[in-house]
Amino acid sequence: MPNNQHKTSLCIICDNDTRHEQASSFAADHQLPLLNKQDDTFELQLIFGDERIELYDRQLNTSIYVDFVSGALAHRQQFGGGRGQAIAKAIGLKQGKNPEVLDVTAGLARDAYILATLGCHITLVEQSPILCALIEDGMKRGLENEQSAQILSGQFELHNQNAIDYMSKLDEQQRADVIYIDPMYPERKKSALVKKDMQILQRLLGKNKNDGELLDAALNCARERVVVKRPSHAPCLTETKPATSINSKKTRYDIYLTKSS
Ligand SMILES: C[S@@+](CC[C@H](N)C(=O)[O-])C[C@H]1O[C@@H](n2cnc3c(N)ncnc32)[C@H](O)[C@@H]1O
């Protein structure tokens, strides 16, 4: 089992020839059971289907997958408010300025894709090999579509690694202008308040224990600023106070300026 993996039971499912080799090498690499049909004894099931790879949650009876071509991300690309939206202001996007962004909590790569559509070059780091498999699969499909291919080719680079290790190995020239952190939101008492996709991530990953360390590492690494995404009323990630914050309806972006900025 991958070492950042929560204790939830997880298996790989593949019932087709097209993806069998890919599924069996993923199962072997990550020491996960490989089955050829769904099995209710596993809470989470990574399904290598004909069309796409998806993570199925038995309790919620729903799946998550990465889709840059249709659905919410494509809609946001077209109608999302461009550089006027809060995330763009938080990153420091200005006319003629497209900062290089290192997203150290890639997750399902949604925020990263939004920033890439706004012109940023994005490097994504995600510790979970399961989520990286979903992102890579989404990128593969996205590269076959003209609109998303323009964004994904050349601007979107993914690393499956712990971001604290990743940042510690960057030399001066490789450091990004902006580091973006979107930690798992604190667990809410009423699970109905947490969106289903985030409930699945919580089940997959459990509580994150290294958020403070991640912020410290980012503050030592970013050239200009670190942006931390929080729910509007949540406290700051650590006792270090941000220089300023930008608020949108349900989200707050805390901005920390770094010594080199
Ligand atoms: C709330 S999700 C991010 C969602 C993402 N912003 C999106 O738009 O899809 C948080 C992610 O950060 C990842 N993460 C947390 N700590 C990390 C670390 N030290 N290195 C790499 N990934 C990390 C978790 O595995 C999880 O997938």
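Residues numbered from 1 in each chain as written. Predicted model: local features only at pLDDT ≥ 70, side-chain atom pairs only at ≥ 80, totals over all residues. Heavy atoms only, no water.

> Sorry, what's going on with the site of the ligand here?
Surveying the vicinity of the ligand reveals 22 residues, the closest of which are Leu108, Asp111, Glu126, Ala163 and Asp182. One of the backbone N or O atoms of Leu108 is found 2.9 Å from an oxygen atom in the ligand. Within the side chain of Asp182, an N or O atom sits 2.7 Å from a nitrogen atom of the ligand. Summarising the interface, the protein chains cover 98% of the accessible area of the ligand, which totals 610 Å² for the free molecule. Counting residues per element, the ones that place at least two in the shell around the ligand are helix H4 (110-117) and helix H8 (196-205). Grouping the amino acids of the shell around the ligand by side-chain chemistry returns 11 nonpolar, 7 polar and 4 charged. (Near = heavy atom within 4 Å. Polar contact = N/O pair within 3.5 Å; in protein donor to acceptor, adjacent residues only side chain to side chain. Areas by Shrake-Rupley, 256 points an atom, 1.4 Å probe, with all protein chains shown as cover. Helix = DSSP H or I, 4+ residues; strand = E, 2+ residues; numbered from the N terminus. Nonpolar A, V, L, I, M, F, W, Y, C, P; charged D, E, K, R; others polar.)

> I keep staring at unusual backbone geometry and nothing clicks. Help me out?
Trans peptide bonds make up the majority, and among non-glycine residues the majority have a negative phi. If you check the backbone angles, Asn61 has positive phi at about 50 degrees while not being a glycine. Secondary-structure assignment places Asn61 in the loop between strand E4 (53-57) and strand E5 (62-64). The phi dihedral of Ala109 falls on the positive side, at around 65 degrees, and the residue is not glycine. Take Ala109: it is sitting in the loop between strand E6 (100-103) and H4. Residue classification places Ala109 among the buried positions, given a relative accessible area of 0%. (Buried < 20%, exposed > 50% of the residue type's maximum accessible area, 1.4 Å probe, protein only.)

> Please explain the environment of Ala218 as it appears in this structure.
On the secondary structure map, Ala218 appears in helix H9 (residues 211-221). A sequence separation of 116 residues divides Ala218 from Leu102, and the C-alpha atoms of the two residues are 9.4 Å apart. With near-sequence residues (within four places) excluded, Ala218 lies in contact with Met167, Ile179, Ile181 and Val226. (Contact = heavy atoms within 4.5 Å.)

> Looking at this structure, how should I read the pairing of strand E3 (residues 44-48)?
Looking down a regular strand, the side chains alternate between one sheet face and the other. Burial analysis of E3 places 5 of its 5 residues in the buried class, the great majority of the element. Burial along E3 is two-sided: the residues Leu44, Leu46 and Phe48 and Gln45 and Ile47 are all buried. Alignment of strand E1 (residues 10-13) against E3, held across 4 bridges, turns out to be parallel. By the bridge assignment for E3, Ile13 is matched with Ile47. As paired strands, E3 and E4 are joined by 5 bridges and run antiparallel to one another. The partner of Ile47 across the bridge, within E4, is Glu54. In textbook terms, the turn of a hairpin is the stretch between consecutive antiparallel strands, and for E3 and E4 this stretch comprises 4 residues. (Pairing = 2+ DSSP bridges.)

> How do you make sense of the sheet that holds E5 when you look at a structure like this?
Two pairing modes exist for strands in a sheet, parallel and antiparallel, and in both the strands are linked by backbone hydrogen bonds. Spatially, E2-E1-E3-E4-E5 is the arrangement adopted by the 5 strands of the open sheet, whose pairing is mixed. The sheet is open, and its two borders are formed by strand E2 (34-35) and E5, each paired with just one other strand. Against the sheet, helix H5 (residues 129-142) contacts E1, E3, E4 and E5, and its axis sits at roughly 135 degrees relative to E4. (Axes fitted to C-alpha atoms, helices over the stretch in contact; angles between N-to-C directions.)

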